[in-house]
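# Summary of the model geometry
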Amino acid sequence: MDHFMDEYCHSDLLHSSRELSSFYLEIDTAKSRVEVVKILHGYNLSEEVFAEGFPDLAKAVQDLPDDASTTA
């Protein structure tokens, strides 16, 4: 089961630990959901694959504002 999750989570484009670390950092430092969507598109990941493959990150993103311009 772990192998399946690793294969599913990392996608074809997130196959190196460096790339995966970069992905996590970009998502973790995003200021808005709009920014997260742009990051996902840069990695050719859909929002659905992100939510299913990275549930902890997806949960954290839910707390972000929709658009960074709405923050102070």
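Note: the structure precedes this text.
Let me begin by describing the structure that accompanies this report. (Residues numbered from 1 in each chain as written. Predicted model: local features only at pLDDT ≥ 70, side-chain atom pairs only at ≥ 80, totals over all residues. Heavy atoms only, no water.)

A few words on the overall build of the protein. Scanning the protein for helices and strands turns up five helices and zero strands. Helices and strands in the protein line up, N terminus first, as α-α-α-α-α. Expressed as a percentage of contacts within the protein between residues at least 6 apart in sequence, the contacts between residues at least 24 apart total 57%. Here the protein has roughly 5200 Å² of accessible surface; of this, 53% comes from carbon and sulfur atoms. (Helix = DSSP H or I, 4+ residues; strand = E, 2+ residues; numbered from the N terminus. Contact = heavy atoms within 4.5 Å. Areas by Shrake-Rupley, 256 points an atom, 1.4 Å probe, with all protein chains shown as cover.)

One finds Phe 23, Ile 27, Val 36, Leu 40, Phe 50 and Phe 54 to be the most contacted residues of the largest nonpolar core, which totals 15 residues. With sequence-adjacent residues up to four places away left out, Phe 50 is seen in contact with Phe 23, Ile 27, Val 36, Leu 40, Pro 55, Leu 57, Ala 58 and Val 61. (Core = buried A, V, L, I, M, F, W, Y, C linked by side-chain atoms within 4.5 Å. Buried < 20%, exposed > 50% of the residue type's maximum accessible area, 1.4 Å probe, protein only.)

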